[in-house]
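Structure at a glance
If you want the building blocks of each chain, they are given just below.
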Amino acid sequence: MALSNIGDLALFKKRNQGVEELEGLLDLLPHATLLVEGRSGRVLLGNAQATQLSAYTRQELSELQLGTLLPGFAIRKLSHAAEDLPVELVKRNSSTMAVRLAVSPLNGGEGWSALSIQPAASIEQQRVQQKLQKERWEALHMLNLAAQQKELASTYRRILQAGNLLTGAAHLALYVEGEAGQLSLESVYGSGLDWPTRLAERDLGHLRTPKLWQAGKAVEAPLHQLAHANKLVYLASSPLDLTQPSRGLLVAADAAAGPPAEILTLAQILAASAMTAGMYREMNRHLEAEFARLAEQAQLNERLQENVQDGLIFFDNQLQLTDINPAAESMLGYTAREAQGRHANEILISTRSLLSTLEDVAQHNKLVDVGEIHLHHRDGSDFLAHVRVASIAKGEAVSQLAVLITDLSEHEDFHIRSQQLRQRAELGEVIARVAHEMRNPINNMSTGLQLLQTDFADDDPIQEQLAKLMEDCDRLEHRLKGLQNFSRTLDYSPERMDIGEFCRQQLERWKPRMGRNNIDSHIQVAKDTPDIMGDRRALDQVFTNLITNSLQAMDDQDGGVIAIKIKPISEDGKDWVEINLSDTGPGIPPDLREVVFDAFFTTKKEEGTGLGLAITRSLIMTHKGDISLQSFPGGTLFRIKLPAAPPDPDKDPDPA
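As a starting point, this report considers the structure included with it. Every residue gets a number counted from 1 within its own chain, in the order that chain's sequence is written. Given that this is a predicted model, residues contribute local features only at a pLDDT of at least 70 and side-chain atom pairs are listed and counted only at 80 or more, while totals for whole chains, interfaces and linings are drawn from all residues. Side-chain descriptors were evaluated using all non-hydrogen atoms of the structure, hydrogens and water having been removed beforehand.

1. Quick notes on the sheet that holds strand E14 (residues 367–376)
Pairing is antiparallel in the open sheet, where 5 strands are placed in the order E13-E12-E16-E15-E14. The sheet is open, and its two borders are formed by strand E13 (321–324) and E14, each paired with just one other strand. Mean inter-strand twist for the sheet, computed between neighbouring axes without regard to direction, equals 25°. If DSSP finds at least two bridges between two strands, the strands pair. Note on conventions: DSSP H or I runs of at least 4 residues are helices, E runs of at least 2 residues are strands, and numbering of each starts at the N terminus. Both strand E12 (residues 311–316) and E13 contribute to a ladder of 3 bridges, which runs antiparallel. In the strand pairing of E13, Phe 314 is matched with Asp 323. Taken strand by strand, helix H13 (residues 355–363) contacts E14, strand E15 (382–394) and strand E16 (397–407), and its axis lies near 140° from that of E16. Angles run from 0 to 180 degrees between N-to-C directions of axes, and those axes are lines fitted to C-alpha atoms, restricted for helices to the stretch in contact. Should any heavy atoms of two residues lie within 4.5 Å, those residues are considered in contact.

Below, the structure is given as structure tokens:
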């Protein structure tokens, strides 16, 4: 309750209110408060805080004139609202105290006024605290801006400037990993200290963990000797990476004031910021070099395709033609524009069908030598060719097929050359390695921010900035985890599974969340559905991704339905189990249906990694299966096909 609106309470508008009611009301106020009769200056009541501040009892206060307590305060000022009036308070023992007054005339005909009294020292302390909070907010804002600097040296300077605001330390230094296992002085804030330009491995000593040295304590490292020689009050240090202290060191010191209570936590935040900035620049450097290498390799491949005498055709994993070189155009009679997007069956026409071979290679990462075969030109003529089919993998999934055709009609005595195209990009491995390296400093930042949050009140303005930084850490962690999951090699361990029972368990696990969102679930399993050979962990991730997408699609509507229908089917002479998972969400726009399974495609902006459905498709293909999408306004259906397991000889036949 604020003093300024106390007079609006109905209690003060009564003419015969009780003393106990007024005392209880005054005790709710946060500061020492007196109720004074404005014309006479007589103290009517004082709250509990006023008795503590003045050392008078309530009874004694109610018998005093205001001039006895506040001899320098003019009674006429009681009729006007005022704040921050400097006066002296005379306590019961005649000692004095500098205080600040706030006057609030109360509504009503009695002419009462309420006086709020705060010790001047307390107000000054509040101002100091507010200034500190403002500086820390500016420091956190500066840390956000530091990563946007083009030059790493500028980023480091910004981090140390933020460190000065955050810790109050007059001297800060940053050491990073240099040559021969030494740490080199990279950036300095403040003047007057002759920081060593290098620190050897042995110089780190006890500095391998966050460490606070203060004047009078034992000297444990050369930097402590520097602090002692320069009569510093304290020197705090933190490794940039707690798991690898030799990666770098951040140091904060001051000769005038002692360290804040949370100095080591703040030092760890600054150290983690510097580590992340360095790793971000290193990652960019690696990526730029990798992109340059890939561009050069792509240019070389393009020239090879144009000049090689053998025909070269690329298909995607759905056997749609994506590229064809001039030699293959001449052999088959199709231009690149005419052949683009056509199915392999329309291009590679021969006396022996190649479809089963292409499908086999599309499901398994391997090279198949088809051998000599007669292929048909577009005009109907045929020629003898040697054909090889190679898969090009992206992670665990086959992304492309390369078909190499050697025209033997003109090169009968030429030895067949074998050339398996290698995967042109190792970018996935680079990103996975960098993502792994970045997780430790991000975790350190997150831990430091959590500790820092506990040092401020919940309603403190700095909490909002800390929360934003925590969200950034979580978002980075989420995206890095998604990248690692996408690039991780699956340890595929298939086992015989009852897919119907497995799907029932999946829906049962999600029922609590569905219930909260007013979403119903249904499952229908055909009686004669066979088992499948599947990896439980992989299929758990598949259905987790699909059900999560369905729930998110129905977030903005009142309820909905998720349904699973399972049945056996036969296609291409093979037995399959078909699983249809549908929802009653808004559906997927037509222009997005072709790209939802692409890696890094997402409509969730900040929350999504764009890898969920890409991983889902990869896992289904690992099971030698297939997944497709059908969507329309009011619903989306994912159709999954998995190979049926061979009959189980130990399983009793169905008596029905």
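Having seen it, we continue.
2. Remarks on the sheet that holds strand E4 (residues 96–105)
Either a parallel or an antiparallel arrangement is found when strands of a sheet pair, and the pairing is made through backbone hydrogen bonds. Across the sheet, which stays open at both edges, the 5 strands sit in the order E2-E1-E5-E4-E3 with antiparallel pairing between neighbours. Every interior strand has two partners, whereas the edge strands, strand E2 (43–46) and strand E3 (82–90), have only one. Shown here is a sheet whose adjacent strand axes are inclined to one another by a mean of 30°, direction ignored. Sheet strands touched by helix H1 (residues 19–27): strand E1 (32–37), E2 and strand E5 (112–119). Its angle to E2, the strand with the most contacts, is close to 60°.

3. Looking at helix H16 (residues 499–516)
To estimate the expected span of a helix, subtract one from its residue number and multiply by 1.5 Å. Taking 1.5 Å of rise per residue, the 18 residues of H16 would be expected to cover 26 Å, and the 27 Å separating its terminal C-alpha atoms lies within 8% of that figure. What is called the bend at a residue is the angle between a pair of axes, fitted to the seven residues leading up to and ending at it and to the seven starting from it. At Trp 510, H16 shows its strongest bend, of approximately 50°, with the proline Pro 512 following within four residues. A 1.4 Å probe rolled over the protein chains alone gives each residue an accessible area, and that area as a share of the maximum for its type sets the label: buried under 20%, exposed over 50%, partly exposed in between. If you check which residues of H16 are buried, you get Ile 499, Gly 500, Phe 502, Cys 503, Gln 506, Leu 507, Trp 510 and Met 514. As for H16, its buried residues are in contact with strand E17 (495–497), strand E18 (519–525), strand E19 (532–534), helix H17 (536–553), strand E20 (560–571) and strand E21 (574–583). Just beyond H16, the residue with positive phi is Asn 518, at close to 60°.

4. Notes on H1
Listed in full, the buried residues belonging to H1 are Leu 22, Leu 25 and Leu 26. Along the long axis of H1, the arc covered by the buried residues comes to 95°, so they all point the same way. Taken together, the buried residues of H1 touch E1, E2 and E5. Regarding the arc, it is the one traced by the directions from the helix axis to the C-beta atoms.

5. Description of the environment of Gly 371
The topology assignment puts Gly 371 in strand E14. Expressed as a C-alpha distance, the spacing of Gly 371 and Arg 388, which sit 17 residues apart in the sequence, is 7.0 Å. With residues near it in sequence (within four places) discarded, Gly 371 still touches Ala 385, His 386 and Val 387.

6. As for the pairing of strand E11 (residues 248–254)
Counting buried residues in E11 gives 7 out of 7 residues, a clear majority hidden from the surface. Burial of the side chains of E11 extends over both faces: Gly 248, Leu 250, Ala 252 and Asp 254 are buried on one face and Leu 249, Val 251 and Ala 253 on the other. Two elements, strand E6 (residues 171–177) and E11, share 6 bridges in a ladder whose sense is antiparallel. Note on E11: the bridge partner recorded for Val 176 is Gly 248.

7. Here we look at the packing of aromatic side chains
To pair, rings of Phe, Tyr and Trp, with the six-membered ring standing in for Trp, must have centres within 6.5 Å; the planes then decide the type, stacked if under 30 degrees apart, edge-to-face if over 60, and tilted in the middle. Enumeration over the complete set of coordinates arrives at 1 aromatic pair. Taking the centre distance of 6.0 Å and the plane angle of 65° together, the rings of Phe 502 and Phe 543 count as edge-to-face. One end of the pair, Phe 502, is in helix H16; the other, Phe 543, is in helix H17, with 41 residues separating them in the sequence. Take Phe 543: its relative accessible area is 1%, and that puts it in the buried class. Here, over-ring charges are defined by two tests on the NZ atom of lysine or the CZ atom of arginine: distance to the ring centre within 6 Å, and angle to the ring normal within 35 degrees. Lying across the ring of Trp 576, Lys 641 places its NZ or CZ 4.6 Å from the centre.

8. Focus on unusual backbone geometry
Its identity as a non-glycine residue notwithstanding, Ala 55 has a phi of 75°, on the positive side. Here Ala 55 is to be found in the loop between helix H2 (48–54) and helix H3 (58–61). For Asp 84, which is not glycine, the phi dihedral falls at a positive 55°. Along the chain, Asp 84 turns up in strand E3. Overall, Asp 84 belongs to the partly exposed group, its relative accessible area being 35%.

9. Some points on the pattern of salt bridges
Between side chains of opposite charge, pairing is possible as soon as their charged atoms come close. Whenever a carboxyl oxygen of Asp or Glu lies within 4 Å of a side-chain nitrogen of Lys or Arg, that contact is scored as a salt bridge. With the rule as written, the count across this model stands at 18 salt bridges. The shortest N-O distance in the salt bridge between Glu 495 and Arg 536 comes to 3.5 Å. Pair noted here: Glu 495 is in strand E17 and Arg 536 is in helix H17, with a separation of 41 residues, a long-range link. According to the relative accessible area criterion, Glu 495 is partly exposed, its value standing at 35%. Residues joined in a network through salt bridges with shared partners are Lys 567, Glu 571, Glu 578, Arg 639 and Lys 641.

Read these as layout, nothing more, since geometry by itself doesn't imply function.
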